[in-house]
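Secondary and tertiary structure notes
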Amino acid sequence: MHELSLMASVMDIAREELSRHGAHRLTLLRIRHGVLDQVQPDAMRMAFEAMTKGTPDEGAKLELVEEPLRLSCCLCGHEFTPDDRNALYAPCPACGETVPFSVIGGEGIFLDHLEAE
Amino acid sequence: MEIPVVRNVLEANDRIAGRLRADFARRGTLVLNLISSPGSGKTSLLERTLNDLAGEFRMAVIEGDLQTDNDARRVAASGAQAVQINTEGGCHLNSSMVSEALQALDCDGLDILFIENVGNLVCPTEFDCGEDAKIALLSVTEGDDKPQKYPYLFHKAKAMILNKIDLLPYVDFDVKKARAHACALNADLAVMEVSCRNHEGLEDWYEWLRAAAKAKKEAAHE
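Here we summarise the structure given alongside this text. (Residues numbered from 1 in each chain as written. Chains lettered and ligands numbered in written order. Predicted model: local features only at pLDDT ≥ 70, side-chain atom pairs only at ≥ 80, totals over all residues.)

1. Here's the deal with the sheet that holds strand β1 (residues 26-34) of chain A
Adjacent strands of a sheet form backbone hydrogen bonds with each other and so pair up, either parallel or antiparallel. Strand order in the open sheet made by the four strands is β2(A)-β1(A)-β6(A)-β1(B), with mixed pairing throughout. Single-partner strands in this sheet number two, and they are β2 (61-67) of chain A together with β1 (2-8) of chain B. With direction set aside, neighbouring strand axes in the sheet form an average angle of 15°. Sitting on the sheet, helix α1 (residues 3-20) of chain A touches β1 and β6 (109-116) of chain A together with β1 of chain B, and the angle it makes with β6 of chain A is about 45°. (Pairing = 2+ DSSP bridges. Helix = DSSP H or I, 4+ residues; strand = E, 2+ residues; numbered from the N terminus. Axes fitted to C-alpha atoms, helices over the stretch in contact; angles between N-to-C directions. Contact = placed C-beta atoms within 7 Å.)

2. Quick word on the packing of α1 of chain A against helix α2 (residues 41-52) of chain A
Residues and elements named next belong to chain A. Across the interface, α1 lies against α2 with an axial gap of 9 Å and an inter-helix angle of 50°. Between α1 and α2, the interaxial angle falls into the category oblique. The element α1 and its partner α2 pack so that their crossing is right-handed. Here Glu 3, Leu 4, Met 7, Ala 8 and Met 11 of α1 come into contact with α2, specifically with Ala 43, Met 44, Ala 47, Phe 48 and Met 51. (Parallel < 35°, antiparallel > 145°, perpendicular 65-115°, else oblique. Left-handed = near helix turned anticlockwise from the far one by under 90°.)

3. So, the environment of Ala 80 of chain B
Residues and elements named next belong to chain B. Tracing the backbone shows Ala 80 in the loop between α3 (70-76) and β4 (81-86). The class for Ala 80 is buried, based on 21 C-beta atoms found within 10 Å. It is 5.6 Å that separates the C-alpha atoms of Ala 80 and Ala 60, two residues lying 20 residues apart in sequence. Ignoring any residue separated from it by four or fewer positions in sequence, one finds Ala 80 in contact with Leu 50, Met 59, Ala 60, Val 61 and Val 75. (Buried ≥ 20, exposed ≤ 12 C-beta atoms within 10 Å, placed from the backbone.)

4. Quick notes on the pairing of strand β5 (residues 112-116) of chain B
Residues and elements named next belong to chain B. With respect to burial, β5 is a largely interior element, five of its five residues being buried. Here β5 shows no split at all, with Ile 112, Phe 114 and Glu 116 on one side and Leu 113 and Ile 115 on the other all buried. Bridge count between strand β2 (residues 30-36) and β5: five bridges; the pairing is parallel. Looking across to β5, one finds that Leu 34 is bridged to Glu 116. Of the strand pairs in this sheet, strand β3 (residues 59-65) and β5 are connected by five bridges, and their pairing is parallel. Residue pairing for β5: Ala 60 is matched across the bridge by Leu 113.

5. Digging into the interface of chain B and chain A
Taken together, the 26 residues of chain B in the interface contact 31 residues of chain A. Of all elements in the fold, only β1, α5 (123-126), α7 (151-156) and α8 (175-183) of chain B reach the threshold of two or more residues within the side of chain B that touches chain A. Looking at the side of chain B that touches chain A, the element that brings in the most residues is β1 of chain B, giving six residues. The residue inventory of the side of chain B that touches chain A, partitioned by class, reads 17 nonpolar, six polar and three charged. (Nonpolar A, V, L, I, M, F, W, Y, C, P; charged D, E, K, R; others polar.)

6. Side note on the nonpolar core
Counting 66 residues, the largest nonpolar core has Phe 114, Ile 115, Ala 136, Phe 154 and Met 160 of chain B as its most contacted members. Sort the elements by how many residues they give to this core and β2 of chain B lands first, with five residues. Excluding residues within four positions of it along the chain, Ala 136 of chain B makes contact with Ile 35, Ser 36, Leu 153, Phe 154, Ala 157 and Met 160 of chain B. Residues Met 7, Leu 18, Ile 31 and Leu 114 of chain A belong to the second largest nonpolar core, which totals 19 residues. (Core = buried A, V, L, I, M, F, W, Y, C linked by C-beta atoms within 7 Å.)

Function cannot be read off these values alone, since they describe shape.
In structure tokens, the structure reads:
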């Protein structure tokens, strides 16, 4: 449900970048979002369409790239990408101990590529 | 034309949150962002806390609500300052709403500011409101798999309060499992088991609050 707010922020940043680079029309926008952020791609697309409709940016392409979770074992430091959610609660695949993990990837939402004309 | 850019989508929200955090650091006010599902007892926890600690701390509450001012009236009955933000259906509070609500509060000498977020386990987690800590509230009637379903909140929270433990004999809630799953991505998560109804365990929460408020005050005086 927070996708509308997120997309409004994305469009603010995109329009600022476009005007800084003297571009007039957005053609492609890429967002990288961590799996932990629970962003719904469908809701993002709907918000993007609603916000660009009737503007010069209408028809621009939206790419959404989900960043997988990367964990590090708090005991042995082993870094890995869990295969599924249950791996979060399983013992460390390297040392076999059941300890908490540190999140080293898979969180945060970034606008990381723009194309315009 | 390609425009290389890596920008945090939430940068505008985070900028205002940063200003709020700097302001409260100067004042030594502890700011806590309470996040939970609807009905898990955020307002009840605040009512208890505001009444029980009224003699110890000067406290205020920012109440986020979709439509009503019911919760603000409930917490204001304790005598604490309370200001209501109606999000008109919006699913979370953000830093600019909090900044605006602060205009209506007297923050001088304030020890603790509680932000009661909109009842929702996903969206409020994403928006920094300038708090020192997110407090995740979970009740035993909701099911013990909530930490598994919403790992981000439990990853970002500094404390988890498990409420309604007086109902444990009547529900199938595995406390050990909920604790283990909540801590899986957060080794430092403080977990407290309470019942706002019969006061059980609330003293642990108050001790946590006292320590956090003291640390905040001491940091401001350094």
